[in-house]
Amino acid sequence: MNMEDKLVGDLKKNEQILQIVSVEDIQKERNLKSRTKDASAWVAPVKDSVDAAKLIREFGIKPKKVVVKNYAGKQYIIFKGYPGARKVLRGTRYLADNPKVVRMAVGPKGVIKSVKSGFVITVVLSVGIEIYDHFINDATTLSEFLGTVTSDLVKIGLSSIAAAAAGLAVGSAAVIGSIAAAPLIAAIAVGVVTGLLLNHIDKKFGATAALIKAYEDLGVKLREIKYEATRTYNYLENNPGALMRLFGGPGIFYGGY
Amino acid sequence: MDQKSAQIVFVIFNLLAIPVVIFAFYEYFQVNAAMVRKDEVIPFDTGTYYLLLASIFWVMWVIQYIGKRDESGARFVDKYANFILIGWVIGILVLANLVPYYLQEKIHKLGYIACDDPREISRIAKGASILYSKAGCANL
């Protein structure tokens, strides 16, 4: 290979591509990320609100009674009022896990299913946005990505648990449990409020920053472990008799004793 | 969930709603006081007023009380409970959007500049955390 080809080869190996981006473009990208994340926080409550609207359409704005009762070890949802006026739940009694009842988010299983699907949607959107941001933004480290995603998952999980507890409690309570949309409204309210409170706590105590620091420290420790392991392996490779000497065997290759 | 446990959890949520709603009012007065004092930096969270949604439990408590009281109370609940619940939620959502807008207009008129809050790394809740600064964002 002549010198010119070698020079070209070296230049290609060390090639770096720089993209000069204006401050306005960077700001646009950051605004897009924050607007998308803000919108993703609305998806679950909007979905629950649509479910609540379906319930009101089905049962009417003047509520007919919805009663949860246990008979012979099974849980039933009993609908009072004129069944002919309803389009989906035309019967008067359904098992609590009846697919129609669960789909309409009525009763305890319906509320839990609604909260679960809201949790999944919010997790997928939130983590997806962080993955996109991690790939687009060169300055974001893996520790920052992992710390932010862990923090998001914990907050979404706790909000969902609180929302499910509120929905179940309201759905089983006297009088208000008979209002079809009340459990969903309670779940939406508690989910939103819990998310906000967890955010305030995170800002005040720096929980996400601590998680990122923990991941950074873990990364440093893993690099140290990897370095020591590689060093030991290289030493053993270059000194095959060392293992034998370590376990007290004769040093066959180096004269022994 | 049996009715007794449900009622206990319902009462707990009613009690927890008290400090949550008080906090939302506290934040409002804090921001106004900072504007009057002309502080260098005013922290502001546009999602704080969604905390008022916790007051829906108090409305449910009142509906439950009226519904248990007597026949006329039960009829009142049958007729109006849904209207009251939905109307309350819509009212809170409107307030939660209007109050931050109103406060932000007041802050902008005083010459403050909006900056991202560096303490906020991860957020899943509504709104955004902003630091309003007189001297710009470089020193935050």
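Further up the page is the structure itself.
Residues numbered from 1 in each chain as written. Chains lettered and ligands numbered in written order. Predicted model: local features only at pLDDT ≥ 70, side-chain atom pairs only at ≥ 80, totals over all residues. Heavy atoms only, no water.

Chemist: In this structure, what is going on with the overall build of chain B? I would like to understand it.
Modeler: For chain B, the helix and strand inventory stands at three helices and three strands. Walking chain B from its N terminus toward its C terminus, one meets helices and strands in the order α-β-α-α-β-β. Taking 14 Å as the expected radius of gyration for a compact globule of 140 residues, we find that chain B reaches 20 Å, considerably beyond that expectation. Its C-alpha atoms put chain B at 65 × 30 × 25 Å along the principal axes. In chain B, once contacts between residues fewer than 6 apart in sequence are set aside, the share between residues at least 24 apart is 68%. Total accessible area on chain B is roughly 7,400 Å²; 67% of this is exposed by carbon and sulfur atoms. Between the averaged position of the 13 positive side-chain charges in chain B and that of its 12 negative side-chain charges there is a distance of 5 Å. (Helix = DSSP H or I, 4+ residues; strand = E, 2+ residues; numbered from the N terminus. Rg over C-alpha atoms; globule rule 2.2 N^0.38 Å. Contact = heavy atoms within 4.5 Å. Areas by Shrake-Rupley, 256 points an atom, 1.4 Å probe, with all protein chains shown as cover. Lys, Arg positive; Asp, Glu negative; His and termini not counted. Charge placed at Lys NZ, Arg CZ, Asp CG, Glu CD.)

Chemist: Honestly, the state of the cysteines in this entry has me stumped. Any pointers?
Modeler: In a disulfide, the sulfur atoms of two cysteines are covalently bonded to one another. Residue and element names in this part refer to chain B. As enumerated under the stated definition, the model contains one disulfide over all chains in all. Two residues share a disulfide in this structure: Cys-115 and Cys-137, whose sulfurs sit 2.1 Å from each other. Taking the torsion about the sulfur-sulfur bond, which here is approximately -85°, the covalent link between Cys-115 and Cys-137 counts as left-handed. Note that Cys-115 is positioned in strand β2 (residues 113–116) and Cys-137 in the segment after β3 (129–133), a separation of 22 residues in sequence. Since its relative accessible area comes to 4%, Cys-115 is described here as buried. Its relative accessible area of 38% is what places Cys-137 among the partly exposed residues. (Disulfide = S-S within 2.5 Å. Buried < 20%, exposed > 50% of the residue type's maximum accessible area, 1.4 Å probe, protein only.)

Chemist: Just checking my understanding: could you explain the environment of B:Gly73 for this structure?
Modeler: Residue and element names in this part refer to chain B. Along the chain, Gly-73 falls in helix α3 (residues 71–109). A relative accessible area of 1% places Gly-73 in the buried class. When residues no more than four places from it in sequence are discounted, the contact partners of Gly-73 are Ile-66 and Gly-67.

Chemist: How do you make sense of the nonpolar core when you look at a structure like this?
Modeler: Counting 52 residues, the largest nonpolar core has A:Val170, A:Ile176, B:Ile56, B:Phe57, B:Met60, B:Ile63 and B:Leu85 as the members making the most contacts within it. Contributions of two or more residues to this core are made by α5 (142–172) and α6 (182–205) of chain A together with α1 (3–37), β1 (41–45), α2 (56–69), α3 and β3 of chain B. In contact with B:Met60, other than residues within four places in its own chain, are A:Val170, A:Ile176, A:Ala182, A:Ile185, A:Ala186, B:Phe10 and B:Leu85. (Core = buried A, V, L, I, M, F, W, Y, C linked by side-chain atoms within 4.5 Å.)

Chemist: What's the story with the interface of chain A and chain B in this structure? I'm lost.
Modeler: Interfaces are often sized by the accessible area lost when the parts come together. Listed as interface residues are 49 residues of chain A and, on the opposing side, 44 residues of chain B. Across the chain A to chain B interface the summed buried area is about 4,000 Å²; carbon plus sulfur atoms make up 71%. Our count for the contact surface shared by chain A and chain B stands at one salt bridge. A salt bridge links A:Lys203 to B:Asp45; the nearest nitrogen and oxygen atoms lie 3.6 Å apart. The interface formed by chain A and chain B holds one residue pair in polar contact (both at pLDDT 80 or more) in total. Those elements giving two or more residues to the side of chain A that touches chain B turn out to be α2 (23–59), α5, α6 and α7 (207–238) of chain A. Looking at the side of chain A that touches chain B, its residues break down into 30 nonpolar, ten polar and nine charged. (Buried area = accessible area lost by both parts, 1.4 Å probe. Salt bridge = Lys/Arg side-chain N within 4 Å of Asp/Glu carboxyl O. Polar contact = N/O pair within 3.5 Å; in protein donor to acceptor, adjacent residues only side chain to side chain. Nonpolar A, V, L, I, M, F, W, Y, C, P; charged D, E, K, R; others polar.)

Chemist: Can you help me understand a nonpolar patch on the surface in this one?
Modeler: Residue and element names in this part refer to chain A. Taken together, the side chains of Tyr-235, Leu-236, Leu-243 and Leu-246 define a hydrophobic patch exposed on the protein surface, amounting to about 400 Å² of accessible area. Of all elements in the fold, only α7 and α8 (241–246) reach the threshold of two or more residues within the nonpolar patch. Tracing the chain through its elements places Leu-236 in helix α7. (Patch = residues over 30% accessible without salt bridge, like charges linked within 9 Å, V, L, I, M, F, W, Y side chains within 5 Å.)

Chemist: Just to check I follow, could you spell out the packing of α6(A) against α2(B) for this structure?
Modeler: Packed helix pairs are specified by the crossing angle of their axes together with the interaxial distance, meaning the distance between the axes. Where α6(A) meets α2(B), the closest approach of the two axes is 10 Å, and the angle between their N-to-C directions is 155°. On the basis of their axis angle, the class for α6(A) and α2(B) is roughly antiparallel. Taking contact as the criterion, the partners of A:Ala182, A:Ile185, A:Ala186, A:Ala189 and A:Val190 in α6(A) are, on α2(B), B:Ile56, B:Phe57 and B:Met60. Per-class residue counts for the contact of α6(A) with α2(B) are eight nonpolar, no polar and no charged. (Axes fitted to C-alpha atoms, helices over the stretch in contact; angles between N-to-C directions. Parallel < 35°, antiparallel > 145°, perpendicular 65-115°, else oblique.)

Chemist: For this particular structure, what's the right way to read the packing of aromatic side chains?
Modeler: The description of an aromatic ring pair uses the distance of the two centres, along with the angle that the planes make with each other. All names here are of chain B. Counting across every chain of the model gives seven aromatic pairs over all chains. The interplanar angle of 75° and the centroid separation of 5.6 Å between the aromatic rings of Tyr-28 and Phe-29 together place this pair among those described as edge-to-face. Looking at Tyr-28, the relative accessible area reads 23%, which means it is partly exposed. (Phe/Tyr/Trp six-rings, centres within 6.5 Å; stacked < 30°, edge-to-face > 60°.)

Chemist: What am I meant to see in the environment of A:Leu184 here?
Modeler: All names here are of chain A. With respect to the helices, strands and loops of the structure, Leu-184 is situated in helix α6. The class of Leu-184 is buried, set by a relative accessible area of 2%. When the C-alpha atoms of Leu-184 and Arg-93 are compared, they prove to be 20 Å apart, with 91 residues separating the residues in sequence.

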